[in-house]
Amino acid sequence: MISFETPEMVDQVRNMLHSMVNNIVRPIARYYDDHEHERPKELEAFAPIMQAGMGGGGRKSAKKEKKEIKATDDRIGANAISVAGAEEMAWGDVGLMLAMPGGGLGNAAVDAVATDEQYERFGKKYCAMAITEPGCGSDASAVTTTAVLDGDEYVINGEKIFVTDGDRCEAVVVWATLDKSKGRAAIKSFVVEKGTPGFRVEKLERKCGIRASDTATLVFEDCRIPKTNLLGDPEIRPEGGFKGVMATFDATRPLVAAMALGCAQAAYDFTKEILAKEGIIPRYDRGTLELSAVERDLLWMEAQLEVIRLMVIRAGWMADNGRPNNLEASMVKAKAGKYGNIIVQKCVELLGPIGYSRDYLLEKWMRDNKVNDIYEGTQQIQMIVVARRILDYGRDMLS
Ligand SMILES: Cc1cc2nc3c(=O)[nH]c(=O)nc-3n(C[C@H](O)[C@H](O)[C@H](O)COP(=O)(O)OP(=O)(O)OC[C@H]3O[C@@H](n4cnc5c(N)ncnc54)[C@H](O)[C@@H]3O)c2cc1C
């Protein structure tokens, strides 16, 4: 029989994190929104518990287990648990979730691409992810940062912008080209640790939302790193070479979708609670024509949230079971990015002044959720990926 219930283990993680973020993260959310660039010290003690709850403690085992699982397996592992955890953390606060020491987007890249030896070295470091450059955003293959092999070291030169956690992280996963003339296949990811000579944080962004999270411009000038810091395969392989680094997105996109979901769920829960105090409670046992317009809006939002939740879990579950999830990762990122924003804006609309007032967090959630439709590939880019997958088109046919 088909079951549309979320797995019990996923619900357990969600319940545990829910009460933790409600008590620890929510109360400080406004303060760090108002104090951009101030490091949230409250999170330092709390981070290891959160990371373990999100499946972070299971990364190592998940990586090792990857070799043993078969495509026919059906199990819940670190990926499904991580996305459920990300939803709950984002329900608490998206910016503070990103500011949580220990688990940046670069960690997902390490998980996806690193060898076992590299995993031992970098798996526990707090890693940011640096792809975007002044002249390269949606088209990640336009990367101009270079990595030139010199003896046992790569020499990195270039500039990366809008790097989440770029200031507070311990290391950055940097996308750079080994040889611009060889195109996409020559793009590899490299781990550059903080404190490496030639690597500096140039500037911090002032942002509309997720203001608790630092977003930095990073500069690499003749920055030398051990050649063993190149993640994955160092060979330039014209066939499928770029797929290695792109595999990172299959892990990070469901996480970002989960963050959009958590933020939208927060807005929905708040709106439902306020409306209930006014006696407006959606009736689940009535036909559409008997419901008020507000009830219909609430039920529509609830249905969308549930669809996104099932899609997020599916993308994570596929990764846990060794199934390619490129299509599903982009599908849920597009869906959650778009509908996450529609839902938060609808909540602001339904509550009027309460939605817009800084006395409540709803206006902040509207600002925060926008970024989930931008980074790790905009909604438009996800739609292109989905169309390519479904139609079996290459980049030359649809870009
Ligand atoms: C707060 C924040 C945090 C970020 N964190 C990180 C990070 O940690 N690491 C990192 O590397 N980057 C990060 N980014 C950068 C982010 O990933 C890019 O902004 C994003 O990929 C879009 O690139 P771009 O800004 O250059 O926009 P562009 O690529 O110039 O796109 C501009 C617009 O055109 C649309 N567009 C582009 N190409 C097409 C097409 N072919 N068809 C249809 N529409 C198209 C886009 O959807 C978008 O709406 C962050 C950005 C923000 C705002």
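Everything that follows concerns the structure shown earlier in this document.
Note that the coordinates shown come from a computational prediction; the quantities given were computed from them, not determined experimentally. (Residues numbered from 1 in each chain as written. Predicted model: local features only at pLDDT ≥ 70, side-chain atom pairs only at ≥ 80, totals over all residues. Heavy atoms only, no water.)

Draft legend 1. Molecular detail of the packing of aromatic side chains. Considering all chains together, one arrives at seven aromatic pairs under this definition. Taking the centre distance of 5.7 Å and the plane angle of 50° together, the rings of phenylalanine 270 and tyrosine 360 count as tilted. Here the residue phenylalanine 270 occupies a position in helix α8 (residues 243–277), and tyrosine 360 occupies one in the loop between α11 (353–356) and α12 (362–369), the gap between them amounting to 90 residues. The exposure class assigned to tyrosine 360 is partly exposed, which follows from its relative accessible area of 34%. Looking at phenylalanine 270, the relative accessible area reads 17%, which means it is buried. Sitting over the ring of phenylalanine 249, arginine 253 keeps its end group 4.1 Å from the ring centre. Over the face of the ring belonging to tyrosine 339 we find lysine 335, whose NZ or CZ atom lies 4.1 Å from the ring centre. (Phe/Tyr/Trp six-rings, centres within 6.5 Å; stacked < 30°, edge-to-face > 60°. Helix = DSSP H or I, 4+ residues; strand = E, 2+ residues; numbered from the N terminus. Buried < 20%, exposed > 50% of the residue type's maximum accessible area, 1.4 Å probe, protein only. Lys NZ or Arg CZ within 6 Å of the ring centre and 35° of its normal.)

Draft legend 2. The arrangement of the site of the ligand in detail. In the vicinity of the ligand there are 20 residues, among which Thr132, Ser138, Phe162, Thr378 and Gln380 approach most closely. Note that a nitrogen atom of the ligand is positioned 2.7 Å from one of the side-chain N or O atoms of threonine 132. Within the contact set of the ligand, an oxygen atom lies 2.6 Å away from a side-chain nitrogen or oxygen of serine 138. Coverage of the ligand by the protein chains reaches 65% of its 970 Å² of free accessible surface. Elements that contribute at least two residues to the shell around the ligand include exactly β1 (127–130), β3 (153–164) and α13 (379–391). Per-class residue counts for the shell around the ligand are 11 nonpolar, seven polar and two charged. A domain split of the shell around the ligand shows at least three residues from each of domain 1 (1–125 + 238–399) and domain 2 (127–231). (Near = heavy atom within 4 Å. Polar contact = N/O pair within 3.5 Å; in protein donor to acceptor, adjacent residues only side chain to side chain. Areas by Shrake-Rupley, 256 points an atom, 1.4 Å probe, with all protein chains shown as cover. Nonpolar A, V, L, I, M, F, W, Y, C, P; charged D, E, K, R; others polar. Domains from an automatic or database assignment.)

Draft legend 3. Region of the structure containing the pattern of salt bridges. Under the counting rule described, the total for this entry stands at 37 salt bridges. Its salt-bridge partner being arginine 30, residue glutamate 363 comes within 2.8 Å of it at the nearest N-O pair. Taken together, the residues span a long stretch of sequence, with glutamate 363 in helix α12 and arginine 30 in helix α1 (residues 8–34) at a distance of 333 residues. Across this residue pair, the class does not change: glutamate 363 and arginine 30 are buried. Between aspartate 368 and lysine 364 there is a salt bridge, with the nearest N and O atoms lying 2.7 Å from each other. A residue pair is termed a helical-turn pair when its members lie 3 or 4 positions apart in one helix, as aspartate 368 and lysine 364 do in helix α12 at four residues. The same class applies to aspartate 368 as to lysine 364, namely buried. Each of Arg30, Asp33, Asp34, Glu36, Lys207, Arg211, Arg358, Glu363 and Arg367 takes part in a single network of salt bridges with overlapping partners. (Salt bridge = Lys/Arg side-chain N within 4 Å of Asp/Glu carboxyl O.)

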